[in-house]
Amino acid sequence: MSRVRIVVADDHMLLRQGLRQVLESEPDFEVVGEARDGQEAVEVTRQLRPNVVLLDITLPRLNGIEAARRIKQELPQTGILIMTIHDSDEYLMEAVGAGVNGYVLKDVEPPTLIEAVRSCSRGNGYLHPTVAARLLRRLNQPGASGGEGPGRRRLGEEGLTPREFEVLEQLAQGASNRDIASRLFISESTVKNHVTSIFRKLGVTDRTQAVLYAVRKGWVKIS
């Protein structure tokens with residue numbers, strides 16, 4: 001079994017211990033390191049090269065967003081999952097701009113956290129549906145960058161098929177591969193193939209980037 005190696009960065013020792021217990025309840029998860037501040041998170045990640053770094057935002061010495069930015073610059077293949085109390089559009093947009101793979105709030109249920117870590121470890125990214133909806137609303141505001149007008153599907157340039165566009169719409173709603181398979185009446189393996197094809201055609205590497213691309217093009221919109 002391929003193990004998912006994780007670093008947990010939070011300035012509260014009890015929370016780090018609690019996260020370790022939750023994560024290591026999965027047989028293929030291993031917390032290989034902890035960090036008490038952002039600078040230490042960068043250093044520990046550089047040394048241990050985990051699959052995923054779980055980062056708080058309000059860390060001493062170096063905040064989590066800047067730590068994420070530095071980690072991505074040095075180790076772009078490392079998945080970064082922000083876990084924070086901050087339900088703020090500003091923090092969310094900054095985190096996305098720093099290249100994080102996922103963003104969840106600290107009141108998330110353990111199964112969702114495990115799903116998010118696993119998704120980030122595979123390079124797929126993860127946004128909780130409520131967070132994804134808020135991000136899309138923010139990007140759909142007047143003056144948001146890019147876009148060809150909501151609802152306009154200029155897919156010819158990218159070569160997306162109608163089915164791939166349906167999958168992309170589901171990604172924009174924060175749906176998992178299993179959810180998409182159920183909703184579109186196709187297998188999970190077929191969903192994975194479509195997602196891989198979408199990434200290749202759009203020139204992106206994870207779900208968050210694909211959704212942002214679609215919003216800026218005006219292909220998807222949250223009503």
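Up top is the structure these notes are about.
To keep things clear, this report deals only with the structure shown in the data block. Only a predicted model underlies this, so the values are computations on that prediction, with no experimental measurement involved.

## A few points about the sheet that holds strand β2 (residues 29-35)
For step 1, the next point in the chain: Across the sheet, which stays open at both edges, the six strands sit in the order β2-β1-β3-β4-β5-β6 with parallel pairing between neighbours. Each end of this open sheet is capped by a strand with a single partner; those strands are β2 and β6 (126-127).
For step 2, the next point in the chain: Of the pairings in the sheet, the one linking strand β5 (residues 102-105) to β6 comprises two bridges and is parallel in character. Its bridge partner lying in β6, Y103 is registered against L127.
For step 3, the next point in the chain: Contacting β1 (4-9), β2, β3 (52-55), β4 (79-84), β5 and β6, helix α5 (residues 110-121) crosses the sheet at an angle of about 155° to β4.

## Brief notes about the packing of helix α2 (residues 38-48) against helix α3 (residues 64-74)
For step 1, the next point in the chain: It is the contact of α2 with α3, at a shortest axis distance of 9 Å, that shows an interaxial angle of 20°. Comparing their axes, α3 and α2 come out roughly parallel. Note on packing geometry: the crossing formed by α2 with α3 is right-handed. Facing G38, Q39, A41, V42, T45 and R46 of α2, the residues of α3 in contact are A67, R70, I71 and E74.

## Some remarks on the layout of surface pockets
For step 1, the next point in the chain: In this structure, the largest pocket encloses a volume near 580 Å³.
For step 2, the next point in the chain: For the largest pocket, the lining is made up of 24 residues, of which E115, S119, S176, N177 and R207 are closest to its centre.
For step 3, the next point in the chain: Counting residues per element, the lining of the largest pocket draws most heavily on helix α9 (residues 188-202), at five residues.
For step 4, the next point in the chain: Of the residues contributing to the lining of the largest pocket, the split by class is nine nonpolar, eight polar and seven charged.
For step 5, the next point in the chain: By volume, the second largest pocket is sized at about 240 Å³.
For step 6, the next point in the chain: Along its surface, the second largest pocket is lined by 14 residues, and K72, P76, Q77, N101 and T205 are the ones closest to its centre.

## Digging into the environment of R16
For step 1, the next point in the chain: Relative to the helices and strands, R16 is located in helix α1 (residues 13-23).
For step 2, the next point in the chain: Its relative accessible area of 8% is what places R16 among the buried residues.
For step 3, the next point in the chain: Spatially, the C-alpha atoms of R16 and L54 are 9.9 Å apart, while their sequence positions differ by 38 residues.

## Remarks on the nonpolar core
Taken as a class, soluble globular proteins show a tendency for nonpolar side chains to be buried jointly.
For step 1, the next point in the chain: In this structure, A9, L55, I80, I82, V100 and Y103 are the most contacted members of the largest nonpolar core, which totals 27 residues.
For step 2, the next point in the chain: Contributions of two or more residues to this core are made by β1, α2, β3, α3, β4, α4 (89-97) and β5.
For step 3, the next point in the chain: Looking at which element gives the most residues to this core, the answer is α3, with four residues.
For step 4, the next point in the chain: Not counting residues up to four positions away in its chain, the partners in contact with I80 are V53, L55, A68, I71, K72, V100, N101, G102 and C120.
For step 5, the next point in the chain: Core analysis: the next-biggest nonpolar cluster, separate from the first, contains 22 residues, A175, I180, L202 and V211 among them.

## Comments concerning the environment of T58
For step 1, the next point in the chain: Structurally, T58 is set in the loop between β3 and α3.
For step 2, the next point in the chain: A C-alpha to C-alpha distance of 8.4 Å links T58 and D10, two positions 48 residues apart in sequence.
For step 3, the next point in the chain: T58 has contacts with D11 and H86, leaving out every residue within four places of it along the chain.

## What to know about the pairing of β2
For step 1, the next point in the chain: Pairing geometry for β1 and β2, over six bridges, is parallel. Paired with V8 across the strands is E34, a residue of β2.
For step 2, the next point in the chain: Once the chain exits β1 it traverses α1 before rejoining the sheet at β2, and the crossover so formed is right-handed.

Criteria and thresholds
- Throughout, residues of each chain are indexed from 1 in the direction in which the sequence is written.
- Where local features are concerned, this predicted model is filtered to residues with pLDDT of at least 70; where side-chain atom pairs are given and counted, the filter is 80 or more; whole-chain, interface and lining totals use all residues.
- By convention in this description, side-chain values take in all heavy atoms of the structure and omit both hydrogens and water.
- Note on pairing: two strands pair once DSSP finds at least 2 bridges between them.
- Helix and strand labels come from DSSP, where a helix needs a run of H or I of at least four residues and a strand needs a run of E of at least two; each type is numbered from the N terminus.
- Residue contacts are counted whenever heavy atoms from the two residues lie within 4.5 Å of one another.
- Comment: axis = line fitted to C-alpha atoms, over the contacting stretch for helices; angle = value between 0 and 180 degrees taken between N-to-C directions.
- Throughout, the term roughly parallel applies to angles under 35 degrees, roughly antiparallel to angles over 145, roughly perpendicular to angles from 65 to 115, and oblique to all others.
- In this scheme, a crossing is called left-handed if the near helix is turned counterclockwise away from the far one by less than a right angle; it is called right-handed if the turn is clockwise.
- Buriedness for pockets is judged along seven lines, at least five of which must meet protein on both sides within 12 Å for an open set on the 1 Å grid over protein atoms alone, while cavities are sets there where a 1.4 Å probe fits but cannot get out, and lining residues have an atom within 4 Å of a point.
- Grid points are joined across faces, edges and corners, and a volume is the space filled by probe spheres set on the points.
- Residues were grouped as follows: Ala, Val, Leu, Ile, Met, Phe, Trp, Tyr, Cys and Pro as nonpolar; Asp, Glu, Lys and Arg as charged; and all remaining residues, including Gly, as polar.
- Type-normalised accessible area, obtained with a 1.4 Å probe on protein chains alone, sets the label of each residue: buried when under 20%, exposed when over 50%, and partly exposed for intermediate values.
- Definition used in this section: a nonpolar core is a set of buried Ala, Val, Leu, Ile, Met, Phe, Trp, Tyr and Cys residues joined via side-chain atoms within 4.5 Å.
- Crossover handedness is defined by viewing with both strands directed away from the observer: a clockwise path from the first strand over the helix to the second marks the crossover as right-handed.

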